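# Overview (structure and organization)
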Protein chains: 2
Amino acid sequence: MAEVNVKILNSIINDGDRILIDKIDDSYLSDALGRIKGHADVVLFPVNVDEVSKIMRYAWENQIPVTPRGAGTNLVGSTVPVEGGIVLDLTRMNQIIEFDEETMTATVEAGVVLADFQEYVEAKGCFYPPDPGEKTATIGGNISTNAGGMRAVKYGVTRDYVRGLEVVLANGEILWVGSKNVKDASGLSLKNLIVGSEGTLAIITKCILKIIPKPEVTLSVLLPYRDVKTAIPGVLTIIKENANPTAIEFIERDVIKLGEDYTGLSFPYPKAGAYILMTFDGRSLELEGNVERVKKSAIKQGALDVLILDSEELLMNVWKIRGCFVKAVEAVSEQEPVDLVVPVNKIVEFISYVSEYEKKSGMRMIRFGHAGDGNIHLCMVRGNRSDDKWEKELQEHLNAIYQKAFLLGGLTSGEHGIGLSKRIFYLKETAPQNLELMRQMKRAFDEREILNRHKTYLA
Amino acid sequence: MAEVNVKILNSIINDGDRILIDKIDDSYLSDALGRIKGHADVVLFPVNVDEVSKIMRYAWENQIPVTPRGAGTNLVGSTVPVEGGIVLDLTRMNQIIEFDEETMTATVEAGVVLADFQEYVEAKGCFYPPDPGEKTATIGGNISTNAGGMRAVKYGVTRDYVRGLEVVLANGEILWVGSKNVKDASGLSLKNLIVGSEGTLAIITKCILKIIPKPEVTLSVLLPYRDVKTAIPGVLTIIKENANPTAIEFIERDVIKLGEDYTGLSFPYPKAGAYILMTFDGRSLELEGNVERVKKSAIKQGALDVLILDSEELLMNVWKIRGCFVKAVEAVSEQEPVDLVVPVNKIVEFISYVSEYEKKSGMRMIRFGHAGDGNIHLCMVRGNRSDDKWEKELQEHLNAIYQKAFLLGGLTSGEHGIGLSKRIFYLKETAPQNLELMRQMKRAFDEREILNRHKTYLA
């Protein structure tokens, strides 16, 4: 790989504020966890697609590695520049270009922050359903990992809201995949291949996103259970009964305690061993009907109670505690986040396995997640382990846990992506022929292999 | 390309009833229209994936073209064997392998007929939403073209219901893409690349399909308008008002007349120039609310009336007439079906263009389609034109019409696919870089280019 010629880059980005060469902050060399650090020759902040195109043409001609990034909120090392070269930061391409109420689409630059976009759309009486926990991520980053979030049960994931993308290929060519059209049976879906490709195939610069009318009301319901083994099957029955919940979260009591300690707030029904937290949205009449059905069904399925979170305070307490888990864990110890997914009917078996394994291994494994789609978050807690011990034990335990998930038909990641840190497990899970096909896709898009090297499915 | 060795194929499929060599019926050499006819050395009817794999290995090693087909209901020549070789008919792989109520998925062989599958699932209290007009198509065929249908407004298209696929590659390798998991942020989505690839990348042999709970009730509402220019904007407003319709069809009066003549039935409100036919499904309480809102809004938006189709007879008449258009046209003349799509806010401009163009050209162009997603069906009517005149005029008029659609940001096909007969227009619409990327995908999957040669994006 060649060295970076700053003079040429200066001629492309004619603004000293948008080129970092010397004092490159560590935050540009890592992800949100900051544990894996790469190195870079230069960080560039393009403001339009032509700059991105010229940068890529230069990188392509000189075979310089390029690591694209949005806000860098990922947890799997996707934005770590492994082999130096250029870090391409897209956060200054953050314009909302068009809000098209007729086609119910919005066209935005890739660097628009999710929270800003959601706010913008909701102010117009509309709604962008994908809702991953991290709202400071960019839309481009969300698309790169096919971000999920809690509302996926009812509304699907980011992929389902991407109508079209403007992308810059590794060689600098600019092209559009997808469009404002709703239906498309015209040729191969390059768009769907790029969604979730974690910056390995192309740089996303613009996004046409589907938006929907804003639901009239939302409502949260908390179901306490004796334990998670009773809770999950109960929930699967509720799904089948067509109550159409927006989100279905499961939480075990010991995680709640962490959250209570962290926030100083208290969670209702402390005697329960596990909770299902559901939300509903839509018209109030529909909601009433759905909640009524859930009430009846839940009690029959073993719920200890049905708590409608209709007081402002109760609602806030519950969601503040639910929202703080990762931070609550990190306040007491370093942690490694796991974001695997299993078929919904395997959640109980998987959670039971982890629970047993936790006891056996002595490593605390905080569990919570999305019961409606089998997406399970674990925090592997370091405690006071030394560097060596932590590294060794963590790998051993992660191995065991992913292996169990794969045996149950699961996948490495439901929403965080693979990046660098989940690669070793993903490569084990995935059939060699599938990997080989993916690598051939890579060669078709980026023959010189300059984009986000060594990430996810790449060697 | 080599000649087919029947002896070897006989050793793979050891059943004379499942190999056709001599008297190959024309139906295996064409599509549902039967206008374009290819030729084949042999038609094979495998009954399991191992046979498919062995056939493909043989074809790969000997570089023999293979044209896969389901029920052959396509309208664009997708199943025409252009260069001889093997026609691979998957209709005998028609087992429903698993109905998994826990994960709300069904696993079926690719040759299962859509109508059979819908019936099976509904008998179990569940629902498979994709509902293209042609119910005798196979599930594998539906996936190959990413079939749409009327319910797409609310439920999306076939792509949205494909969780996983077992496929056989051109070289005979068997692999799975996707899984029963709901969320997936693990590597490139090969599954989404194969959906809609019209048999050019791999042979689909098994499909894991998402199913949902069955809606409690369905209801149809007919809105008569003065003309289509008033009707469409009215409907877009209704969509924005969150009434959540399942289907939104538009029909012009002169098409209704054809349908009435064909069926002998009569359509309500004959004085209208155009109609919007909506369906709703869900719980009865929700439906009532939605329909109430539509009533109010529609009258405000220029509807002449709001007819709730609550009598069995009225409902049947309306849907029988709506369902017979293509057959009604074909009863009076040969026709060329067009299935293009434009952004929903361009429907009026497009329809007006076609209406003007019809007068100017003297070729009748029957119009109807899905107002909710911009998918417009045209029947170009031959009338008593001679072969030469028909061929010449048809190409000229199709050119003009597709060009207008592309100018409006539209696409060649919303649900039928590209196949052979829409290729010339698709290649015009699509940027050379996109085509080149697709062809590189093809080379990655099928380097020897034996699968469904010359179709859709291929040269």
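Residues numbered from 1 in each chain as written. Chains lettered and ligands numbered in written order. Predicted model: local features only at pLDDT ≥ 70, side-chain atom pairs only at ≥ 80, totals over all residues. Heavy atoms only, no water.

Residues and elements named next belong to chain A. Read across the open sheet, the 7 strands follow the order β15-β12-β14-β13-β17-β18-β16; overall the sheet is antiparallel. With one partner strand each, in any of the chains shown, β15 (307-308) and β16 (335-341) form the two edges of the open sheet. As paired elements, β16 and strand β18 (residues 375-381) share 7 bridges and run antiparallel to each other. Its bridge partner being in β18, Val341 is matched across the sheet by Asn375. (Pairing = 2+ DSSP bridges. Helix = DSSP H or I, 4+ residues; strand = E, 2+ residues; numbered from the N terminus.)

This brings us to the pairing of strand β10 (residues 202-210) of chain A. Residue and element names in this part refer to chain A. Burial within β10 is extensive, with 8 of its 9 residues counted as buried. Inspection of the sheet shows strand β6 (residues 105-109) paired to β10 by 5 bridges, in the antiparallel sense. Along β10, the bridge assignment pairs Thr107 with Ile208. Sheet analysis places strand β8 (residues 162-169) next to β10, joined by 7 bridges and oriented antiparallel. Each residue of the ladder has a partner; that of Leu169, found in β10, is Ala202. (Buried < 20%, exposed > 50% of the residue type's maximum accessible area, 1.4 Å probe, protein only.)

Right, let's talk about the environment of A:Leu304 for a bit. Residues and elements named next belong to chain A. Looking at the element boundaries, Leu304 is found in the loop between α9 (284-300) and β15. Taking the C-alpha atoms as reference points, Leu304 and Thr67, 237 residues apart in sequence, are found 50 Å from one another. Setting aside its immediate chain neighbours within four residues, Leu304 contacts Pro224, Tyr225, Arg226, Tyr269, Ala272 and Ile299. (Contact = heavy atoms within 4.5 Å.)

Moving on, we get to the pairing of strand β12 (residues 217-225) of chain B. Residues and elements named next belong to chain B. Both β12 and strand β14 (residues 274-282) contribute to a ladder of 9 bridges, which runs antiparallel. Looking at the pairing, Tyr225 lines up with Ala274 of β14. Inspection of the sheet shows β12 paired to strand β15 (residues 307-308) by 2 bridges, in the antiparallel sense. By the bridge assignment for β15, Val221 is matched with Ile308.

The subject of this paragraph is the domain arrangement of chain A. Residues and elements named next belong to chain A. With domains assigned, chain A is organised as domain 1 (6-91), domain 2 (96-213), domain 3 (217-322) and domain 4 (333-417). Once you take the C-alpha centre of each, domain 1 and domain 2 turn out to be 22 Å apart. Facing the 17 residues of domain 1 at the interface are 19 residues of domain 2. Connecting domain 1 to domain 2 are 0 salt bridges. Residues belonging to the side of domain 1 that touches domain 2 are distributed by class as follows: 10 nonpolar, 5 polar and 2 charged. (Domains from an automatic or database assignment. Salt bridge = Lys/Arg side-chain N within 4 Å of Asp/Glu carboxyl O. Nonpolar A, V, L, I, M, F, W, Y, C, P; charged D, E, K, R; others polar.)

This part covers the relation of the copies chain A and chain B. In screw terms, the move from chain A to chain B is a rotation of 180° and a rise of 0.0 Å along the axis, fitting with an RMSD of 0.0 Å. Interpreted geometrically, this transformation is the action of a two-fold axis. Here 99% of the contact residues of chain A are again contact residues in chain B; the copies associate through an equivalent surface. (Least-squares fit on C-alpha atoms with pLDDT ≥ 70 in both.)

In this section: the sheet that holds β6(A). Residue and element names in this part refer to chain A. Reading across the sheet, the 5 strands line up as β5-β6-β10-β8-β9 and stay open at both edges, with antiparallel pairing between neighbours. The strands lining the two open edges of the sheet, one partner per strand, are β5 (96-100) and β9 (174-178). Sheet twist, expressed as the mean angle between neighbouring strand axes with direction ignored, is 15°. Two strands pair when backbone bridges link them, and β8 and β9 are joined in this way by 5 bridges, in the antiparallel orientation. Across the sheet, Gly164 pairs through a bridge with Gly178, a residue of β9. Set on the sheet, helix α3 (residues 114-123) makes contact with β5, β6 and β10; between it and β5 the angle comes to about 35°. (Axes fitted to C-alpha atoms, helices over the stretch in contact; angles between N-to-C directions.)

This next bit is on the interface of chain A and chain B. In this complex, chain A contributes 82 residues to the contact, which on the side of chain B involves 81 residues. Carbon and sulfur atoms make up 59% of the surface buried where chain A meets chain B, a total of about 6000 Å² over both sides. The tally of links between chain A and chain B comes to 4 salt bridges. Counting every contact that joins chain A to chain B gives 24 residue pairs in polar contact (both at pLDDT 80 or more). At the level of elements, β9, α6 (190-194), α7 (228-240), α9 and α15 (432-445) of chain A are the ones that each hand at least two residues to the side of chain A that touches chain B. Ranked by the residues each element gives to the side of chain A that touches chain B, the list is headed by α15(A), at 9 residues. (Buried area = accessible area lost by both parts, 1.4 Å probe. Polar contact = N/O pair within 3.5 Å; in protein donor to acceptor, adjacent residues only side chain to side chain.)

Turning next to the packing of helix α7 (residues 228-240) of chain B against helix α12 (residues 347-361) of chain B. Residues and elements named next belong to chain B. Packing of α7 against α12 leaves a shortest axis separation of 9 Å and a crossing angle of 160°. One element, α7, and the other, α12, form an angle in the roughly antiparallel class. Considering the relative orientation of α7 and α12, their crossing is right-handed. Between α7, through Val228, Lys229, Ile232 and Pro233, and α12, the contact on the second element is made entirely by Ile347, Val348, Ile351 and Ser352. Classifying every residue of the contact of α7 with α12 by side-chain character gives 6 nonpolar, 1 polar and 1 charged. (Parallel < 35°, antiparallel > 145°, perpendicular 65-115°, else oblique. Left-handed = near helix turned anticlockwise from the far one by under 90°.)

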